[in-house]
Structure formats: C-alpha cells, structure tokens
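# Coordinates in review
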Amino acid sequence: MANPLFDALFGIHAGKTTPFLHLASGETLSHQDFLALTARIANTLSQKGLHPGDRVAAQIEKSPETLALYAACAQAGLIFLPLNTAYTADELSYFIENSGALLVVCDARNEATLAPMAQALGAGIMTLNADGSGSLTEHADKMPDSFDTVDRDGEDLAAFLYTSGTTGRSKGAMLTQNNLLSNARTLVKEWQFTADDTLLHALPIFHTHGLFVATNVMLLVGGAMVFLPRFDLDAILDHMPRATSMMGVPTFYTRLLGDARFTKDLTANMRLFISGSAPLLADTHIQFEERTGHRILERYGMTETNMNTSNPYEGERRAGTVGLPLPGVELKICDDQGAELPQGEIGIIEVRGENVFKGYWQMPEKTAAELREDGFFITGDLASMDEDGYVTIVGRNKDLIISGGFNIYPKEIELILDEQDGVLESAVIGVPHPDFGESPVGILVAQPGTTPDLEGIAAALSEKLARFKQPKKLFLVKELPRNTMGKVQKNQLRETYKDLFTS
Ligand code: AMP
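These numbers come from a predicted model, not from an experiment.

Calculation notes
Residues numbered from 1 in each chain as written. Predicted model: local features only at pLDDT ≥ 70, side-chain atom pairs only at ≥ 80, totals over all residues. Heavy atoms only, no water. Helix = DSSP H or I, 4+ residues; strand = E, 2+ residues; numbered from the N terminus. Rg over C-alpha atoms; globule rule 2.2 N^0.38 Å. Buried < 20%, exposed > 50% of the residue type's maximum accessible area, 1.4 Å probe, protein only. Contact = heavy atoms within 4.5 Å. Areas by Shrake-Rupley, 256 points an atom, 1.4 Å probe, with all protein chains shown as cover. Lys, Arg positive; Asp, Glu negative; His and termini not counted. Charge placed at Lys NZ, Arg CZ, Asp CG, Glu CD. Near = heavy atom within 4 Å. Polar contact = N/O pair within 3.5 Å; in protein donor to acceptor, adjacent residues only side chain to side chain. Pairing = 2+ DSSP bridges. Right-handed = clockwise from strand over helix to strand, strands pointing away. Domains from an automatic or database assignment.

## Some details on the overall build of the chain
The helix and strand inventory of the chain stands at 15 helices and 24 strands. Relative to the globule expectation of 23 Å for 503 residues, the C-alpha radius of gyration of the chain, 23 Å, shows essentially globular dimensions. For the C-alpha atoms alone, the extent of the chain along its principal axes is close to 70 × 50 × 45 Å. Counting the 503 residues in the chain, one finds 58% classified as buried. Within the chain, contacts between residues separated by at least 24 positions form 66% of all contacts whose residues are at least 6 apart in sequence. On the chain, roughly 20,700 Å² of surface is accessible, and the fraction owed to carbon and sulfur atoms is 49%. Counting 42 positive and 65 negative side-chain charges, the chain places the averaged centre of each group 1 Å from the other.

Printed below as a string of structure tokens:
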C-alpha cells in the first residue's frame, strides 16, 4: 500500500537538501527540513488520538508550520480543513460542527474565545501562531523526525474546503487525493514547471489557489518557493529578481503596475506570470505586457473543481479569456437543463474529470443539485466558447440580470464601461425594479486623478447597447468591495443599492 498524495508531493523529497522555502526572514528551509517538521507534527497529531479520516480544522496565519500541518495531515491520513483567517468565532463554530473536526488549530490570540466552543463540540484545541510558536509546535518539537506514513487510497479524502458561501451557508467541498494530484500533474505539464523553478508565493494558503494550485505544483516538481506571509508590494519587488514565476490574483498585477519601481529589469529572471480566482481586466493584461514584455497567463478554476481551463504556455494567450479546457477536463456550455448549447452561445459551464470533487460534506441535496449523475459539475459560471475553444466568462449564474424578461450579462456592459475615459474598473449589478423586475446599475471606480463624466458615459452606452441593457443609473465609488481572493463582492453591492428603485 501507499499514500499517493503524500508520496508524490512530499515523501519523494526525502533526503533532499535543496531549498524548498525561502522565508521573508532570510531563512531557508530545505525539503528535508520541511519533511522532518512534517513528521514531528504528524507524530503529534497521532499522539493526540486522531485517526485516519478524522478532520483537522485550522484557522492560522500562513507560515511554514501551517504548510507542514497540511503535509502532516496527508502523512497521517487526516482530512485537512483550512479556514479563512477572516472568519469570526460564530462562523468557525459552524465549520467545526458541520465538519465534525476533532482538532481545531488556531492562533493563541483566539484560543480563549474558541476553546469553550471547541470543547462543547467535542474537539480538542491547539495553537499555532504566525511565528511558528504555539502548543502544536511545542509538542511537535519533542517528537521524532520520522513518521510511518499511513496507507491511503487515491479515492480517500484529503481536504475539505468550505466554499465562500455568498448565498446561503458555506458548503464543505470534499476533495480526494486523486482530485488534487491529477490537477497538480496536469498543471506542471501545461505550465512547464521543473525543479529549477522558484515561485513567488504571496497568496493565502486557506484557499485552493495558494494551497493546491501553487504549492502542490511546486511540491510535485521539487522546486522552491519564496514564501511570503501576504502580498506586500515592497517584499514582492525585493524578491522578484530571484523568482522564475508568480501566481497571483488580478489585484497583485494592478498593484504592481501602480508602482513605478516595478520595471522590466525586475522581471528578467521570470518566465511565467499566472493570474486567476477573479477576472483579469484586458487592460491590465495589455499594460503588463507593455511594461514587462510578459503576457500574463490567465486560468480558471474553483474550489470544487480545482483548475478547469488555462491559456496555453506556448501559443496564444488571449486577454479577456480564461483559455482552453485543460487536458483531462471535459467542459461544455449548457442551458440550465444540462443540454449543450450551439458553439458561441452563452450558457453555464459544466465540467467533468478527475479534478472534480466528490460532493458537499453531509449535504446530499446540495450535491445532487450541482453534481449531475453523469459526473458533470454545474459551475454556475456563465461563459461562451469561441471556435478555437477559448472560454470567456461573462459572470456568475446568479449575476445574470433579468430585466423585463430579457437576459443581461453584466460583463458585456462592464467591458464597455471599463473602456470609457477616466474609468478604472466597474461592476454591473441587477437591482429590484417595480416594472422590470430588475434593472442594471453600474458602479464605477475612477482612474486616479480623474473624474469620469457620468452623463457622457451614459450617452456613450446608449449608442453601444440595446436600451434594456443600459444601466438605469451610474454611481462613482472609491473602490469596489473585494474579498481576500480579489473577487468583487457583488452581493454586498446589491445590498447597498437594493432600494434604489423601490423605496
Ligand atoms: P473559488 O471557489 O473561491 O475559487 O471561486 C471560484 C470562482 O471564481 C469561479 O466559479 C469563477 O466565478 C471565479 N473565477 C476563478 N478564476 C477566474 C477567472 N480567471 N476569471 C473569472 N472568474 C474566475
């Protein structure tokens, strides 16, 4: 027997003294150092009475020890449940109860609040702080540097990732070893990662992007990461010359472009910039190429499916598209019954492949509503595919605005708004309207130092868009509300403007 995920990502590096993590402090951890840390933590977890299949919930800052906790869970056959550090104690209580986690690992600052709740739910609690201190590592420090890897099957669960839950309660997406491993293997090949790569890693590791896409890819090839606790512009600029690649959310790229210190010279050693988790403006893509000579490679995925599409490494990277379905991923654009639509039409993306999760933990009805019996997952993303197979996302299903019976895709309007003088970016939302059901409203952010002419913009839209698609109102705001992964929180905007036409 074996443990496919642990063996392929971690075990394979036993004895390697090559660098794995370059830290902001200047310290470097080799693959071997990391494996020893992992084994010590795995020993601790098993001494605490955890058994294969048990869940470990972790709400902790990003650090090598946090990553080692993920590795230790894989080695001990436990299910890792990373949680956004922004969640409140109330939210946490839901995740612990829903997942049945038997251990909660938290920052010492939150221990007093979380301990009684963990106890009431029958879970133990240990601490791990941003600097690596805490009861988990204190215990682990006394443990042996090796651990007998627990046998697992590729179909065994490796992690639960709770979805961001913009509507209703968040759901625990069950991801197997094979889900994670197959996707990492595909991405390594597609993006041509090797042991010679050093990835600039500034993403959080409680989310699929930073945890699975970025770290699994680097672990699979045995490369190194500059492992930064968060996106800090100064640190990114400092470390970029030693890196060969970066994975980021679109805001990483807009912030880099906003700083004059970010020059082509700084990117001389880089071979690949990747963007995902939220749409990259075509304008950012173009500006980035003008500044650095690099064309950002945009890809698309989600918690439940890992990565689904990518622009090609070699071949045309088309701005505004998320590229082509990845090898091993079947992707169709469907109507809401699951029937495939003619090429070029807008519909819902459905995907099938080894990358697709096993369902939502203890939510058979929600699983059945989104995962078809034939294995296709209904992503809820609205998109079209062109004749070359490139996919363009136009919004989420729930973003779709239906006004007077007509479908309106916000992206179509946003693209036009973004082109207007003085507009940096925009979001179009549907707002309840007494006559039309819903009406589109445009929220704009100005380019620094400018004041867009809203009347002029409304006039320009009236020439380009059918009347029913024209926003009934335009608003100027300082910035769009975004979550940590750079996604615009349209639900928040809808809440703000909900009474616009009805009060
Ligand atoms: P999450 O499960 O938090 O990773 O969010 C997944 C969602 O993010 C997808 O269903 C898409 O709506 C969105 N998303 C991810 N990557 C992209 C992209 N490159 N362009 C547009 N939307 C994206």
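## Focus on the site of the ligand
Among the 17 residues in the neighbourhood of the ligand, the closest are listed as Glu298, Arg299, Thr303, Asp381 and Lys487. Here His207 contributes a side-chain N or O atom positioned 3.0 Å from an oxygen atom of the ligand. Here Arg299 contributes a backbone N or O atom positioned 2.8 Å from a nitrogen atom of the ligand. Here the ligand has 500 Å² of accessible area as a free molecule, and 90% of this is covered by the chains.

## Concerning the pairing of strand E11 (residues 245–248)
Of the two faces of E11, the one holding Ser245 and Met247 and the one holding Met246 and Gly248 are both buried throughout. For strand E9 (residues 198–201) and E11, the ladder comprises two bridges, and the chain directions are parallel. Within E11, the residue paired with Leu199 across the bridge is Ser245. Summarising the sheet, E11 and strand E12 (residues 272–275) pair through four bridges and their orientation is parallel. Paired with Met247 across the bridge in E12 is Ile274. This β-α-β element, E11 to helix H10 (residues 250–257) to E12, shows right-handed connectivity.

## Considering unusual backbone geometry
In this structure, Gln192 is a non-glycine residue whose phi angle is positive, near 60°. With respect to the element layout, Gln192 can be found in the loop between helix H7 (177–191) and E9. Although it is not a glycine, Gln362 sits at a positive phi angle of roughly 55°. With respect to the secondary-structure elements, Gln362 resides in the loop between strand E17 (347–352) and helix H12 (364–370). On the basis of relative accessibility, which here comes to 60%, the residue Gln362 falls in the exposed class.

## Regarding the domain arrangement of the chain
As far as domains go, the chain holds domain 1 (4–12 + 30–152) and domain 2 (400–496). The C-alpha-based centres of domain 1 and domain 2 are spaced at 43 Å.

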